[in-house]
Amino acid sequence: MAQRASTLSENSALSFSASTPLSAAESTLSDSLAVLLSSYTVSERSAHSFPPTKFFHDWSLDTIAATPLYSLVSSMPKGGALHLHSGSSGSTDWIVNEGILLDGVHVYMRDSPLEDTCITANTAIPAPCDAPGAQALLPGTIAFFPNSTAVTPGFKPGAEADPVELRSLLTSNAGLKEADSELAWGYFNDVFTRINPIMSYRPFYMEYLQTTFDVHWKDNVQHLEIRALCASGGVGDLFDYGGDGGAVRSYSGQGVIDTYQEALDKFLSHPENEGFSLKLILSSLRVLDPSHIGEDAALAVELKKANPNFVVGFDVVAEEDPNHRTLDYLDEIQAMQKLAADAGVDMSLYFHDGESDDRNNTNMIDAVLLGSKRVGHGFNSYFFPVLFEQMRQNNVVLEVNPISNQVLRYIDNLETHPVNAYIAEGIQVVISSDDPGVFGYTGLTLDMWTALVSFQLDLRELKTLCRNSLEFSGLQGDEKESAMAKWEKDWAAWVDDMNERAGSDWKEL
């Protein structure tokens, strides 16, 4: 028995949370949380309705939200959300109920796509399908037109659209349960095709960013890091009609950065939002060839130099398995690192790698060897245990997005998510939500609740996840110290509040 106890102790000492201390008050709450979690788990298992074993879109979200366990996570100061994508970080309900009612916003209402009919990806005017930047015209596509004479045939004012039907076209659904990841990604990409024109319209995107900040701030998330599409050749460009005589005016590069900064400044102009922060990870697309990525990486260095406290790094996003390997961009990334070093710029990498269940996808190896500070997903790291020691030594952090991993069909039962092994091995982890707008929810609570229930976490592990989201963020110096101080104060108050409510059997939670 002594040897068994020693082995268990050694195993616990390896955990990612082993060095996280708990105060007496936190230990008390940890005990209460364990009882609450066990009670919920036993009850749901006995009813054969334990959510992690089901497909996400079969969950009863209203029932989950009514539980004390969910309320506890909802009220918890979560720190930061470090893995979010531009265009899917906010509320789809805002888009279909409020956004489409804004002046000039129109929705394509035909029941089915017109064969061989395409539009420009931003202004949504008809274009040959082989034209640069053209995209398919799908039912539910949303776009802005400056006047009634400019409206592309088939588009109707947003007020005439059915919000319920439109929402069904802009979010994932239970029909994906039987899909593989390729089919799920196809549906996922169609959503972005539908919203791309309106998200390219700068005034609309400014309003969308306000909703993004607001839903996270109200969800007790104080810091966001958005992977912002901002690359060469028009990738990520925004536009409005502010040119001479109402002509189209484009915003690229610094203009895109300024848009985020302006949106942040507007949000922070309200005193009740003091303490909220935002950083950008400039991103290009994995579908592009290496020469294009080389141009994008050079642009990112230039923008980092011009915005040293706002831009924190570089990434290449999109589905991995059918597209370019990280290794394909090796020369371009190393050239970027040299360019940054010569310019005296700290250009961190936050590679979007390991989002795969394929052992032949070796992007994780390249992400770690190239010095990525964090890795978006890292799901298939279990194929490469040789990396674990290096990841531990260098604090390479995995950005885990549990609901996204299931909806995109990399896993069925979330209890078996490989992050369980990673945290036991001492790999540092944060929890994020990836594309909550496309999945039909907002904020971070649902992913944190999913992690808690699926992985049967304790308070020490929850605390570690929240601290990690600030400790391993792009925040630096005094800014990070202030953010940590705010979180620690909020966390201590939350622990005391939860302990008081636990004393009344959580009845008021």
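- An unreviewed UniProt entry annotates the chain as Adenosine deaminase domain-containing protein of Tetraparma gracilis.
- In UniProt, the chain has this text filed under Cofactor (unreviewed entry): "Zn(2+)".
- Its UniProt record gives the chain the following Pathway (unreviewed entry) comment, quoted word for word: "Purine metabolism; purine nucleoside salvage."

### Quick look at the sheet that holds strand β4 (residues 126-127)
The strands that make up a sheet pair up through hydrogen bonds in the backbone, lying either parallel or antiparallel.
Turning to step 1, where the next piece is worked out: As summarised here, the arrangement of the three strands in space is β4-β3-β5, forming an open sheet in which the pairing is antiparallel. Each edge of the sheet is formed by a strand with only one pairing partner; in this case those strands are β4 and β5 (134-136).
Turning to step 2, where the next piece is worked out: Pairing geometry for strand β3 (residues 118-120) and β4, over two bridges, is antiparallel. What sits directly across from Cys 118, in β4, is Ala 127.

### Details of the packing of aromatic side chains
Turning to step 1, where the next piece is worked out: In total, this model carries 29 aromatic pairs according to the counting rule given.
Turning to step 2, where the next piece is worked out: Judged by centre distance (4.5 Å) and plane angle (55°), the rings of Tyr 382 and Phe 383 are tilted.
Turning to step 3, where the next piece is worked out: Taking the centre distance of 6.3 Å and the plane angle of 70° together, the rings of Phe 383 and Phe 384 count as edge-to-face.
Turning to step 4, where the next piece is worked out: Every member of this aromatic cluster is reached through a ring pair, and the members are Tyr 40, Phe 56, Trp 59, Tyr 441 and Trp 449.
Turning to step 5, where the next piece is worked out: Directly above the aromatic system of Tyr 251 lies the positively charged group of Arg 202, at a separation of 4.7 Å from the ring centroid.

### Regarding helix α7 (residues 181-199)
Turning to step 1, where the next piece is worked out: If you check α7, its first and last C-alpha atoms are 25 Å apart, about what 19 residues at 1.5 Å a residue would give, namely 27 Å.
Turning to step 2, where the next piece is worked out: For α7, the principal kink sits at Thr 193 and spans about 25°; a proline, Pro 197, occurs within the next four residues.
Turning to step 3, where the next piece is worked out: For α7, the full list of buried residues reads Ser 181, Ala 184, Trp 185, Phe 188, Val 191, Thr 193, Arg 194, Ile 195, Pro 197, Ile 198 and Met 199.

### What to know about the state of the cysteines
Turning to step 1, where the next piece is worked out: According to the stated counting rule, one finds one disulfide in the structure shown.
Turning to step 2, where the next piece is worked out: A disulfide bridge connects Cys 118 with Cys 129, and the sulfur atoms are separated by 2.0 Å. Given an S-S torsion of about 100°, the disulfide between Cys 118 and Cys 129 has right-handed geometry. Here Cys 129 lies in the loop between β4 and β5 and Cys 118 lies in strand β3, a separation of eleven residues in the sequence.
Turning to step 3, where the next piece is worked out: Taking the relative accessible area as the measure of exposure, Cys 118 reaches 9% and is therefore buried.
Turning to step 4, where the next piece is worked out: Classification of Cys 129 as partly exposed rests on a relative accessible area of 39%.

Rules used throughout
Residues numbered from 1 in each chain as written. Predicted model: local features only at pLDDT ≥ 70, side-chain atom pairs only at ≥ 80, totals over all residues. Heavy atoms only, no water. UniProt positions renumbered as here; feature names shortened; annotations may be inferred. Pairing = 2+ DSSP bridges. Helix = DSSP H or I, 4+ residues; strand = E, 2+ residues; numbered from the N terminus. Phe/Tyr/Trp six-rings, centres within 6.5 Å; stacked < 30°, edge-to-face > 60°. Lys NZ or Arg CZ within 6 Å of the ring centre and 35° of its normal. Expected span 1.5 Å × (residues − 1). Bend = angle between axes of the 7 residues up to and from the residue. Buried < 20%, exposed > 50% of the residue type's maximum accessible area, 1.4 Å probe, protein only. Disulfide = S-S within 2.5 Å.

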